[in-house]
Amino acid sequence: MVRVPLTDEERERGERLGLALRDARASASRSMVEVATEAGISVETLRKIETGRIPTPAFFTVAAIADAVGLPLDVLRATVENTGAGEVAEAS
């Protein structure tokens, strides 16, 4: 199966997603190990998502990470789609 290359917009959205999740994790004072364990993923996968190296993670992975850091999905979506990720802490 051949994957269609991501657009610049999709890559940037992935970076915003990662930044929003990383900021939420920091605000919750949770370590990468704690969040990854609770979300059922590896620390390396979490690291790649947070740095934008996995710009299109599976929905259930994102939902599990957001739940582990106490970030409602509607706030995460609004942050990633409409605003800068710096507003995550203010919105939650």
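The coordinates are above.
First, a word on what this report is: a plain description of the structure on this page. Here the structure is a predicted model, which means the values were calculated and not measured.

**What to know about helix H2 (residues 32-39)**
When we look at burial in H2, the residues that qualify are Met32, Val35, Ala36 and Ala39. Along H2, the residues classed as buried sweep out an arc of 95 degrees about the axis, all on the same side. Facing away from the buried side of H2 by over 90 degrees, the exposed positions are Val33 and Thr37. Of the surrounding elements, those touching the buried residues of H2 are helix H1 (8-27), helix H3 (43-50) and helix H4 (59-69). In the segment just after H2, Gly40 is the residue with positive phi, at about 75 degrees.

**Focus on the layout of surface pockets**
Using a probe with the size of a water molecule, rolled over the atoms, empty space left in the structure can be pinpointed. Counted as a void, the largest pocket has a volume near 310 Å³. Forming the walls of the largest pocket are 13 residues, and the residues nearest its centre are Arg13, Leu17, Val62, Val80 and Glu81. Take the lining of the largest pocket: its biggest share by element is 5 residues, from helix H5 (residues 73-82). Residue composition of the lining of the largest pocket, by class: 8 nonpolar, 2 polar and 3 charged.

**Let's talk about the nonpolar core**
In this structure, Leu21, Leu46, Ile65, Leu71 and Leu76 are the most contacted members of the largest nonpolar core, which totals 20 residues. Mapped onto this core, the elements with two or more residues apiece are H1, H2, H3, H4 and H5. At 5 residues, H4 tops the list of elements feeding residues into this core. Once you skip the residues sitting within four places of it in the chain, Leu46 turns out to touch Arg25, Met32, Val35, Ala36, Ile41 and Ile65.

Rules used throughout
Residues numbered from 1 in each chain as written. Predicted model: local features only at pLDDT ≥ 70, side-chain atom pairs only at ≥ 80, totals over all residues. Heavy atoms only, no water. Buried < 20%, exposed > 50% of the residue type's maximum accessible area, 1.4 Å probe, protein only. Helix = DSSP H or I, 4+ residues; strand = E, 2+ residues; numbered from the N terminus. Arc of directions from axis to C-beta. Contact = heavy atoms within 4.5 Å. 1 Å grid on protein atoms, 1.4 Å probe; cavity = no way out; pocket = protein on both sides within 12 Å on 5 of 7 lines; lining within 4 Å. Points joined across faces, edges and corners; volume = space filled by probe spheres on them. Nonpolar A, V, L, I, M, F, W, Y, C, P; charged D, E, K, R; others polar. Core = buried A, V, L, I, M, F, W, Y, C linked by side-chain atoms within 4.5 Å.

Geometry only, nothing functional implied.
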